[in-house]
Amino acid sequence: MVMFDPHLWRRQFPILERKVHGKPLVYLDNAATTQKPLAVLDAERYYFEHFNANIHRGVHALSQEASEAFEGAREKIRAFLGAAHVEEIIFTRGATEAINLVAQTWGRTHLEAGDEILISAMEHHANIVPWQMLCEMTGARLKVIPMDERGVLLMDRVDQLLTARTRLVGITLVSNALGTVNPVAEIIRKAHAAGARVLVDGAQAVAHVAVDVAALGCDFFVFSGHKLYGPTGIGVLYGKKELLTAMPPYQGGGDMILQVTFEKTTYNQIPYKFEAGTPHISGAIGLGAAIDFVQSVGLENIAAHEDWLLQEATERARRVNGLRIIGTAPGKASILSFVLEGIHPHDIGTILDSEGVAIRSGHHCAMPVMDFFSLPATARASFALYNTLEEVESLFRAIERVQKLFLG
């Protein structure tokens, strides 16, 4: 365990000082959204108080300052992901929109009847439904890499499922329902050898795992700001420059054009070709501040602390009679999903909330995962840099209360 004091960093998160139902908040729903540090709150507030203006369209001082801050955030994201070119960074509303953008632009121009898309059995709905929609439009076929009872992908099946007709592989780096960290570098290598492109869903990964898109070699990478201590409503699509340049626009409107007449429109260059309309300016600035914050803490420090908490929570969970951990891969990040015998996960979540403990209960937008384990839902505790061992203990005291209430 590295020397890391979460209590020091907790001071940067005002919401963690509040109480819920008269009890100190224990926030363990970080896989759904993380809380925001003062650096992010201050960055957004400063924008609104000092240079709130639309970007790229004004010669006045406020517009120029807003544009500089917005594009500065894009550069921070480029460096954070290890992208070669700043124009490879596209701002979106989130990871979901980023995946849909790729499906509706690259996908519709590259797939036809008989082609194949390969995803994994542990994908979030956002990395399933857009590809199903694309298959319905083009006549392509969706195929799935299976997993075992631990929540580990069966990698020996990847070579069998990749064919000459595979056009794209969509794979999550970290499962939001299981916590599994997938071997995406190996999958990318195999997919490229078969002539397929690869989109990596990094929504659950970027707050826990260092990402270098150039080293990975992925063709597309997506994530959402709100899972990285940043604002909601802002996300990122990374795409290789040559692919983005050749892709048609996703939406039409302001800033994605160079010239408009009633006869013809000439589209802007990347990244602006994919950023129609006024963007989430404050959100992009806030995301840049979130990246600065994470880097000031140190992603390696964060990952080591979260892994320690996960190991402690896992050991505690194994000692609870009637508790079954869902997702026992040897490589996991920050997520403990579980069920209690004879108690519905929604009841678990409700009672834990009465104790001030916030977890997530449900299918986690991963219904095929629930179906695989023959479950309607799970309870999911997920950890962040500000969580403590005391909060892990609070979680299991609350679980004991759940069992006493329901089982006597």
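For the structure, see preceding data.
So, a few notes on the structure that sits alongside this text. All values reported here derive from a predicted model rather than from experimental measurement. (Residues numbered from 1 in each chain as written. Predicted model: local features only at pLDDT ≥ 70, side-chain atom pairs only at ≥ 80, totals over all residues. Heavy atoms only, no water.)

### Examining the overall build of the protein chain
Put simply, the test is: Comment: elements are numbered from the N terminus, with helices defined as DSSP H or I runs of at least four residues and strands as E runs of at least two. For this measure, only C-alpha atoms enter the radius of gyration; the expected value for a globule follows 2.2 Å times N^0.38, where N is the number of residues. Residue burial is assigned from relative accessible area. The probe radius is 1.4 Å, only protein chains are included, and a residue is buried under 20% of its type maximum, exposed over 50%, and partly exposed in between. Whether two residues touch is decided by their heavy atoms; if any such pair falls within 4.5 Å, the residues are in contact. Shrake-Rupley sampling with a 1.4 Å probe provides the accessible areas, and residues are treated as covered by the protein chains on show and by no other component.
Within the protein chain one finds 14 helices and 17 strands. Over its C-alpha atoms the protein chain spans a radius of gyration of 22 Å, differing by no more than 12% from the 22 Å that the globule rule assigns to 408 residues. By its C-alpha atoms, the protein chain is 75 × 55 × 35 Å across when sized along the principal axes. A buried classification covers 56% of the 408 residues belonging to the protein chain. Restricting the contact set of the protein chain to residue pairs at least 6 apart, pairs at least 24 apart contribute 71%. With the model as given, the accessible surface of the protein chain reaches about 17,100 Å², and the carbon-plus-sulfur share is 52%.

### Observations regarding the pattern of salt bridges
Using the following cut-off: A pairing counts as a salt bridge when a side-chain nitrogen of Lys or Arg comes within 4 Å of a carboxyl oxygen of Asp or Glu.
Evaluated as defined, the whole model comprises 21 salt bridges. Measuring nitrogen to oxygen at the nearest pair gives 3.3 Å for the salt bridge that ties E116 to K143. Linking E116 in strand 5 (residues 116–120) with K143 in strand 6 (residues 141–145), this pair joins segments that are 27 residues apart in sequence. Residues E116 and K143 agree in their burial class; the two are buried. Through salt bridges that share partners, K23, E355 and R401 make up one connected network.

### Re the sheet that holds strand 14 (residues 335–340)
Rules: The pairing criterion for strands is at least two bridges between them, as found by DSSP. Between N-to-C directions, angles span 0 to 180 degrees; the directions come from axes that are lines fitted to C-alpha atoms, helices contributing only their stretch in contact.
Across the sheet, which stays open at both edges, the four strands sit in the order 13-14-17-16 with antiparallel pairing between neighbours. The open sheet has two free edges, formed respectively by strand 13 (323–326) and strand 16 (360–362), since each of these has just one partner strand. Geometrically, the sheet is characterised by an average inter-axis angle of 30° between neighbouring strands, direction not taken into account. In the packing of helix 14 (residues 389–407) onto the sheet, contacts are made with strand 13, strand 14 and strand 17 (378–382), and the angle to strand 14 comes to roughly 15°.

### Focus: the layout of surface pockets
Note the following rule: Lining residues are those with an atom within 4 Å of a point, where the points come from a 1 Å grid over the protein atoms alone and group into cavities, where a 1.4 Å probe fits but cannot get out, or pockets, open sets with protein on both sides within 12 Å along at least five of seven lines. Grid points are joined across faces, edges and corners, and a volume is the space filled by probe spheres set on the points. For this scheme, ten residues count as nonpolar: Ala, Val, Leu, Ile, Met, Phe, Trp, Tyr, Cys and Pro. Four count as charged, namely Asp, Glu, Lys and Arg, and the remainder, Gly too, count as polar.
A volume near 350 Å³ is recorded for the largest pocket. If you go around the largest pocket, you meet 24 residues; those closest to its centre are H124, N176, Q204, K227 and C365. Of the residues forming the lining of the largest pocket, the biggest block, three residues, is contributed by helix 4 (residues 95–110). Along the lines of polarity and charge, the residues of the lining of the largest pocket split into nine nonpolar, 10 polar and five charged. Lining the second largest pocket are 16 residues; nearest its centre among them are F91, T92, E97, A276 and P279. Sorting the residues of the lining of the second largest pocket by element identifies strand 4 (89–92) and helix 4 as the ones contributing at least two each.

### Concerning the packing of helix 4 against helix 5 (residues 129–138)
Relative placement of two packed helices is described by the angle separating their axes and the distance separating the axes. For the record, the criterion: We call two directions roughly parallel when the angle between them is under 35 degrees, roughly antiparallel when it is over 145, roughly perpendicular when it lies between 65 and 115, and oblique otherwise. Throughout, a crossing is termed right-handed when the near helix is turned clockwise from the far one, and left-handed when it is turned anticlockwise from it by less than a right angle.
For the pair helix 4 and helix 5, the least separation of the axes is 9 Å and the interaxial angle reads 25°. With respect to helix 5, the axis of helix 4 lies roughly parallel. The two elements helix 4 and helix 5 meet at a crossing, and its hand is right-handed. Here I99, N100, V102, A103, Q104, G107 and R108 of helix 4 lie close against helix 5, whose contacting residues are P130, W131, L134 and M137. Classifying every residue of the contact of helix 4 with helix 5 by side-chain character gives seven nonpolar, three polar and one charged.

### Considerations on empty space enclosed by the protein
For the structure shown, the criterion picks out one cavity of 30 Å³ or more. Here the largest cavity defines a volume of roughly 30 Å³. Taken together, N30, A31, A203, Q204, A207, H208 and K227 form the lining of the largest cavity. For the lining of the largest cavity, the class distribution of residues is three nonpolar, three polar and one charged.

### Some words on a nonpolar patch on the surface
Let me state the cut-off plainly: To count toward a patch, a residue needs a relative accessible area above 30% and no salt bridge. Like charges then connect within 9 Å, nonpolar side chains (Val, Leu, Ile, Met, Phe, Trp, Tyr) within 5 Å.
Together, V129, M133 and M137 make up an exposed nonpolar region whose accessible area comes to about 250 Å². Here M137 is to be found in helix 5. Given the relative accessible area of 45%, M137 is considered partly exposed.

### A short note on the packing of aromatic side chains
For the record, the criterion: When two rings of Phe, Tyr or Trp (its six-membered ring) have centres within 6.5 Å they constitute a pair, described as stacked for plane angles under 30 degrees, edge-to-face for angles over 60, and tilted for the intermediate range.
Going through the model one piece at a time under the given rule, you end up with 12 aromatic pairs. Their ring planes at 70° and their centres at 6.4 Å tell us that W106 and F220 sit as a pair that is edge-to-face. In this pair, W106 sits in helix 4 while F220 sits in strand 9 (residues 220–224), placing the two residues 114 residues apart along the sequence. F220 gets classed as buried once you look at its relative accessible area, which sits at 0%. Aromatic ring contacts, followed pair by pair, group W9, F13, Y229, F293 and Y386 into a single cluster.

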